[in-house]
Amino acid sequence: MASAKDFVNRIKTLEGVAGCLLVRDDGTMLARTHRFPDEYATLFILANQYAENIQAAAGSSYLKFLSFYRAGGNHYHVFKFQNFYLGVAQARECDQVKLLGQLDQILGAIKDGD
Amino acid sequence: MGVMLMAGFLDELQSVPGVFGACLFHSREGVLQTNLPAIYTTEKLNEIGKTLTRLHAAGQMNFADLTDLSIRYDESTLLVRRLDEDGILFAILDADCNLNLVTMSLNIIQQELKGRNLVSEHAPSAAAAAASPAPQETLGPGPAAADVEPILAKMKEMLPKILGPMAALIFDEAVDDWREQGGGTRKSLPALIQLLSDEIGDEAKAQAYRSMVDPLL
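Please read all numbers here as calculations on a predicted model, not as lab measurements.

A. Spatial organisation of the overall build of chain B. Along the backbone of chain B there are eleven helices and five strands. Out of the 217 residues belonging to chain B, those deemed buried represent 35%. Within chain B, residue pairs in contact and separated by at least 24 positions form 55% of the contacts whose partners lie at least 6 positions apart.

B. Representation of the confidence of the model for chain B within the structure. All names here are of chain B. Averaged over all residues, the pLDDT of chain B equals 81, while 83% of them reach at least 70. pLDDT under 50 marks residues 125–143. Its contacts with residues more than four places away, or in other chains, come to eleven contacts. The ipTM assigned to the predicted complex is 0.91, against a pTM of 0.68.

C. Looking closely at the interface of chain A and chain B. Every contact between the two is made by 26 residues of chain A and, on the other side, 24 residues of chain B. Only helix H2 (39–58) and strand S3 (63–70) of chain A provide two or more residues apiece to the side of chain A that touches chain B. For the side of chain A that touches chain B, the element with the highest residue contribution is H2 of chain A, accounting for twelve residues. Of the pairings in the sheet, the one linking S3 of chain A to strand S3 (residues 66–73) of chain B comprises six bridges and is antiparallel in character. What sits directly across from Leu66 of chain A, in S3 of chain B, is Ile71 of chain B.

D. Seen up close, the pairing of S3 of chain A. Residue and element names in this part refer to chain A. Burial within S3 is extensive, with six of its eight residues counted as buried. Note: S3 against strand S4 (residues 76–81), four bridges, orientation antiparallel. What sits directly across from Leu66, in S4, is Val78. Between the end of S3 and the start of S4, which pair antiparallel, lie five residues, with Gly73 showing a positive phi angle near 95 degrees.

E. Summary view of the sheet that holds S4 of chain A. Read across the open sheet, the ten strands follow the order S2(A)-S1(A)-S5(A)-S4(A)-S3(A)-S3(B)-S4(B)-S5(B)-S1(B)-S2(B); overall the sheet is antiparallel. The open sheet is flanked by strand S2 (29–32) of chain A together with strand S2 (30–34) of chain B, the only strands paired with a single partner. Recorded for the sheet is a direction-independent mean angle of 20 degrees between the axes of neighbouring strands. In the sheet, strand S1 (residues 17–24) of chain A pairs with strand S5 (residues 84–90) of chain A via seven bridges, with the strands oriented antiparallel. Note that in S5 of chain A the partner of Cys20 of chain A across the bridge is Val88 of chain A. Helix H3 (residues 99–113) of chain B rests against strand S1 (19–26), S3, strand S4 (76–82) and strand S5 (87–94) of chain B of the sheet, and its axis sits at about 25 degrees to S4 of chain B.

F. How the structure looks around the nonpolar core. Counting 64 residues, the largest nonpolar core has Ala22, Phe90 and Ala91 of chain B as the members making the most contacts within it. The biggest single contributor to this core is H2 of chain A, with nine residues. Excluding residues that lie within four positions of it along the chain, Ala22 of chain B makes contacts with Leu10, Leu13, Gln14, Thr34, Asn35, Leu36, Leu89, Phe90 and Ala91 of chain B. Residues Phe171, Leu192, Leu195 and Leu196 of chain B belong to the second largest nonpolar core, which totals 17 residues.

G. Geometry of the packing of helix H9 (residues 167–180) of chain B against helix H10 (residues 189–200) of chain B. All names here are of chain B. One way to put it is that H9 packs onto H10 with a least axis distance of 9 Å and a crossing angle of 135 degrees. Relative to H10, H9 is oriented oblique. Here H9 runs over H10; the crossing is right-handed. On H10, the residues touching Ile170, Ala174, Val175, Asp177 and Trp178 of H9 are Ala191, Leu192, Leu195, Leu196 and Glu199. Split into classes, the residues belonging to the contact of H9 with H10 amount to eight nonpolar, no polar and two charged.

Rules and cut-offs
Residues numbered from 1 in each chain as written. Chains lettered and ligands numbered in written order. Predicted model: local features only at pLDDT ≥ 70, side-chain atom pairs only at ≥ 80, totals over all residues. Helix = DSSP H or I, 4+ residues; strand = E, 2+ residues; numbered from the N terminus. Buried ≥ 20, exposed ≤ 12 C-beta atoms within 10 Å, placed from the backbone. Contact = placed C-beta atoms within 7 Å. pLDDT = per-residue confidence, 0-100. Pairing = 2+ DSSP bridges. Axes fitted to C-alpha atoms, helices over the stretch in contact; angles between N-to-C directions. Core = buried A, V, L, I, M, F, W, Y, C linked by C-beta atoms within 7 Å. Parallel < 35°, antiparallel > 145°, perpendicular 65-115°, else oblique. Left-handed = near helix turned anticlockwise from the far one by under 90°. Nonpolar A, V, L, I, M, F, W, Y, C, P; charged D, E, K, R; others polar.

Here's what the structure looks like:
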């Protein structure tokens with residue numbers, strides 16, 4: 001994988017991405033395109049843990065991502081891949097379905113080792 | 001009235017294409033109402049509800065303007081909205097479900113629930129409980145039969161969750177038998193439920209169906 005900085009910069013080029021950050025699963029902030037609060041790293045870990053607990057209780061298959069929908073429209077999506085969390089702030093006006101599809105594809109390719 | 005009202009909201013949400021069902025959960029009271037398939041037992045829903053309540057609270061600590069939260073799994077999506085300090089509503093959706101449609105329905109439901117106490121709305125009031133069965137006991141067959149129709153419609157809607165696509169046919173036949181045996185009133189609904197339980201054949205599934213329809217009685 002490219003360096004953490006290169007990676008977030010690549011994600012940032014996707015249409016509809018307002019900013020993003022990459023966090024290791026031990027909570028270390030690796031790279032960010034904006035001044036995201038450090039607390040986001042804790043939220044990512046906690047939220048994924050909760051989502052995995054629900055996955056077990058509901059008998060769902062694997063977790064793809066979480067989305068936090070905000071009144072202002074700048075929604076936030078969190079993906080887990082390998083030992084990392086990618087947080088993506090969505091631009092207010094964007095094609096969310098397209099954006100999430102692109103992110104899923106990119107991260108899927110990384111998971112598959114492309 | 002409260003139970004029916006809440007059940008009505010959940011059924012309205014379930015009518016959106018791609019929505020499997022929903023659950024109204026209270027952090028202290030547990031599951032208040034649900035129309036999710038029987039495989040989501042009360043125990044499971046309580047566990048899911050508690051975790052979602054915590055997850056939503058964690059999200060709100062970081063995003064003060066958080067409205068909804070969704071978790072996308074491979075085959076389904078879980079959408080959560082906080083209704084008040086203690087109550088959340090969560091829905092289980094098909095992975096490709098149109099989230100905008102669902103959130104719009106949630107907005108309408110939330111608007112209609114505004115200012116209502118979820119727990120007291122859920123619990124049938126003593127006055128209602130005392131008042132509603134009595135007139136049905138004393139009414140003649142005409143009005144009583146009319147009164148039972150909306151309940152039968154709801155019961156019929158719930159049966160496919162247990163019996164699948166043949167449910168409507170089985171339900172209609174059971175209702176015919178029930179009427180032939182002197183049923184047709186609200187008072188005699190337990191006999192219909194027994195007939196349906198016999199048709200279901202599986203005790204666990206029959207129990208799940210009874211749990212779903214009991215609030216209607």
